Amino acid sequence: MPTSKIERLMNLVICLLSTRQFLTAEKIRESVAGYADSASDEAFSRMFERDKNELRDLGVPLETGQASRFSTVEGYRINRNAYELPDIDLDQEESAAVAVAVQLWESPELTSAAQGALLKLRAAGVQVDPDSAATPITAVPARTRGSEPALGKLLAAVDAGRAVHFPHRGALNEPYTERTVEPWGVVTAHGRWYLVGHDVDRGAVRTFRLSRIGDDVTEFGPSGVVHKPADVDLRDIVDRVTGSGEVTGTATVWVAEGRAQELRRLATTAEEKRVNERSGTVLRIPIHSRDWIARLVAGHGADALVLDPPELRHDVLTKLKDAAGEGVTS
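Residues numbered from 1 in each chain as written. Predicted model: local features only at pLDDT ≥ 70, side-chain atom pairs only at ≥ 80, totals over all residues. Heavy atoms only, no water.

S.K.: Can you help me understand the packing of helix α1 (residues 5-17) against helix α3 (residues 41-57) in this one?
M.R.: Each pair of packed helices can be described by the angle between their axes along with the distance between the axes. Interaxial distance between α1 and α3 falls to 11 Å at its minimum, and their mutual angle equals 75 degrees. Relative to α3, the element α1 is oriented roughly perpendicular. Here Lys5, Arg8, Leu9, Leu12 and Val13 of α1 come into contact with α3, specifically with Met47, Phe48, Asp51, Glu54 and Leu55. (Axes fitted to C-alpha atoms, helices over the stretch in contact; angles between N-to-C directions. Helix = DSSP H or I, 4+ residues; strand = E, 2+ residues; numbered from the N terminus. Parallel < 35°, antiparallel > 145°, perpendicular 65-115°, else oblique. Contact = heavy atoms within 4.5 Å.)

In structure tokens:
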């Protein structure tokens, strides 16, 4: 079977890296797999010239010099000091972070790439100790370890800077709808993966939980077109959507008796109170994200009523009116 061009170039690099003396073209022809396929001396010369130019274009420091003190024939070698990358100096936390990242990418699609990267780091002399007990790295929940089937495809699209189509559903019991998104990145929060990007159909920034994205993720359009805006913080967006940011205030919310258990779990009880002739409880709920808590309260309809702050009450009313098709009126 003929040797591929890539394989021949790799063989040439390995050969020229393994010697300190300059090797003649004839010696290289005898030693490097792939050149024996040349049909003639001229064919070999043309192939070798192309390979040398290609290596130089790739930045490989190919040197020429006298093959021996007794000959004027030109030889070739690679300057190892110029070719090798400088030492990679990771501190203990960085090394442990690399190890955690490898754990994180344990999906079948990503295992090969992650292990390959780890192997290269170790080959470069970098100590990557996944059992480093002295480094405070948070344990990675099992479900964050890249188990979402769409993860690999979405990361590939982000790397390529391309838009994607994918099926998505708001809840597990809802049907899929097609979404068109310019993906900016994937963030994990509280054991879940979230895609952040520009929803083309809605003309707005949106987050999508990966567990609700179907497997059929398709890239489209030219590469290098989609980029995360410089002023966008993906983590901040996900924190606001999931309500996991810093506490910025307290919401006072009345909930009907026996209702809104999700709100009750987040809150402390202030008092029992009747509203519109219904018995209920006044709750104090820490606000991590006003938008998130507004969506949460609005989801309970008439069973939950914001008493304070007024801004949150306005947000909830806006969402309820939007859901009713009335739009924003104040």
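Text resumes after the structure shown.
S.K.: Just checking my understanding: could you explain the environment of Ala67 for this structure?
M.R.: Tracing the sequence through the fold places Ala67 in the loop between β2 (62-66) and β3 (74-78). Note: C-alpha distance between Ala67 and Phe22 (45 residues apart in sequence) is 4.9 Å. Once you skip the residues sitting within four places of it in the chain, Ala67 turns out to touch Phe22, Thr24, Val73 and Gly75.

S.K.: Looking at this structure, how should I read a nonpolar patch on the surface?
M.R.: Nonpolar side chains collect at one region of the surface, where Ile6, Met10 and Ile14 lie side by side and expose about 330 Å² of accessible area between them. Structurally, the position occupied by Ile6 is in helix α1. (Patch = residues over 30% accessible without salt bridge, like charges linked within 9 Å, V, L, I, M, F, W, Y side chains within 5 Å. Areas by Shrake-Rupley, 256 points an atom, 1.4 Å probe, with all protein chains shown as cover. Salt bridge = Lys/Arg side-chain N within 4 Å of Asp/Glu carboxyl O.)

S.K.: I tried to follow the sheet that holds strand β10 (residues 268-275) on my own but got confused; where do I start?
M.R.: Hydrogen bonds between backbone groups are what pair the strands of a sheet, and the pairing can be parallel or antiparallel. In space, the four strands of this open sheet follow the order β10-β11-β9-β12, with antiparallel pairing throughout. Looking at the sheet topology across the chains shown, the edges are occupied by β10 and β12 (304-308). Going from strand to strand, the sheet's axes swing by 30 degrees on average, the running direction of each strand aside. In this fold helix α10 (residues 290-298) packs onto β9 (249-256), β11 (278-287) and β12, with an angle of close to 160 degrees to the strand it touches most, β11. (Pairing = 2+ DSSP bridges.)

S.K.: Help me understand the environment of Thr252 in this model?
M.R.: For Thr252, the position within the fold is in strand β9. Sequence separation between Thr252 and Arg284 is 32 residues; the distance between their C-alpha atoms is 4.9 Å. Apart from the residues within four sequence positions on either side, Thr252 is in contact with Val282, Leu283, Arg284, Leu305, Val306, Leu307 and Asp308. Among the polar contacts made by the side chain of Thr252, one reaches the side chain of Arg284 at a distance of 2.6 Å. (Polar contact = N/O pair within 3.5 Å; in protein donor to acceptor, adjacent residues only side chain to side chain.)

S.K.: In this structure, what is going on with the sheet that holds strand β5 (residues 177-189)? I would like to understand it.
M.R.: Within the open sheet, the five strands sit side by side as β7-β6-β5-β4-β8. Their pairing is antiparallel. Across the chains shown, the open sheet's two edge strands, defined by having one partner strand only, are β7 (204-209) and β8 (218-220). Across the sheet, the mean angle separating the axes of adjacent strands is 45 degrees when strand polarity is ignored. When strand β6 (residues 192-199) meets β7, the two strands line up antiparallel, connected through six bridges. Bridging across to β7, Val196 finds its partner in Thr207.

S.K.: Which parts of the structure should I look at to understand the nonpolar core?
M.R.: The tendency in soluble globular proteins is for nonpolar side chains to be buried as a group. Within the largest apolar cluster, 19 residues are counted, with the highest numbers of intra-cluster contacts made by Val253, Leu263, Ile285, Ile293, Val297 and Leu312. The element contributing the most residues to this core is α10, with six residues. Discounting residues that sit within four places of it in the chain, Val253 has contacts with Leu263, Thr281, Val282, Leu283, Ile285, Val297, Ala304, Leu305, Val306 and Leu307. By size, the runner-up hydrophobic cluster in this structure holds 18 residues, among which are Leu17, Val32, Met47 and Val60. (Core = buried A, V, L, I, M, F, W, Y, C linked by side-chain atoms within 4.5 Å. Buried < 20%, exposed > 50% of the residue type's maximum accessible area, 1.4 Å probe, protein only.)

S.K.: It is not clear to me how a negative patch on the surface should be interpreted in this structure. Could you clarify?
M.R.: A grouping of Glu178, Asp201, Asp215 and Asp216 is seen on the molecular surface, where their side chains present a negatively charged patch. Relative to the elements of secondary structure, Asp215 occurs in the loop between β7 and β8. (Lys, Arg positive; Asp, Glu negative; His and termini not counted. Charge placed at Lys NZ, Arg CZ, Asp CG, Glu CD.)

S.K.: Looking at this model, I keep getting lost on the side chain of Arg8. Mind explaining?
M.R.: Along the polypeptide, Arg8 turns up in helix α1. A polar atom in the side chain of Arg8 sits 2.8 Å from the side chain of Asp51.

S.K.: What should I look at first to understand the packing of aromatic side chains in this one?
M.R.: Geometry of an aromatic ring pair is reported as the spacing of the ring centres plus the angle between the planes. Scanning the model with the defined rule gives five aromatic pairs in all. With a centroid separation of 5.6 Å and an interplanar angle of 10 degrees, the aromatic rings of Phe44 and Phe48 are classed as stacked. Of the two residues, Phe44 and Phe48 are both situated in helix α3; the distance of four residues between them amounts to about one turn of the helix. According to the relative accessible area criterion, Phe44 is buried, its value standing at 4%. A relative accessible area of 3% places Phe48 in the buried class. An aromatic cluster is built from Tyr35, Phe44, Phe48 and Tyr76, whose rings are joined through pairwise contacts. (Phe/Tyr/Trp six-rings, centres within 6.5 Å; stacked < 30°, edge-to-face > 60°.)

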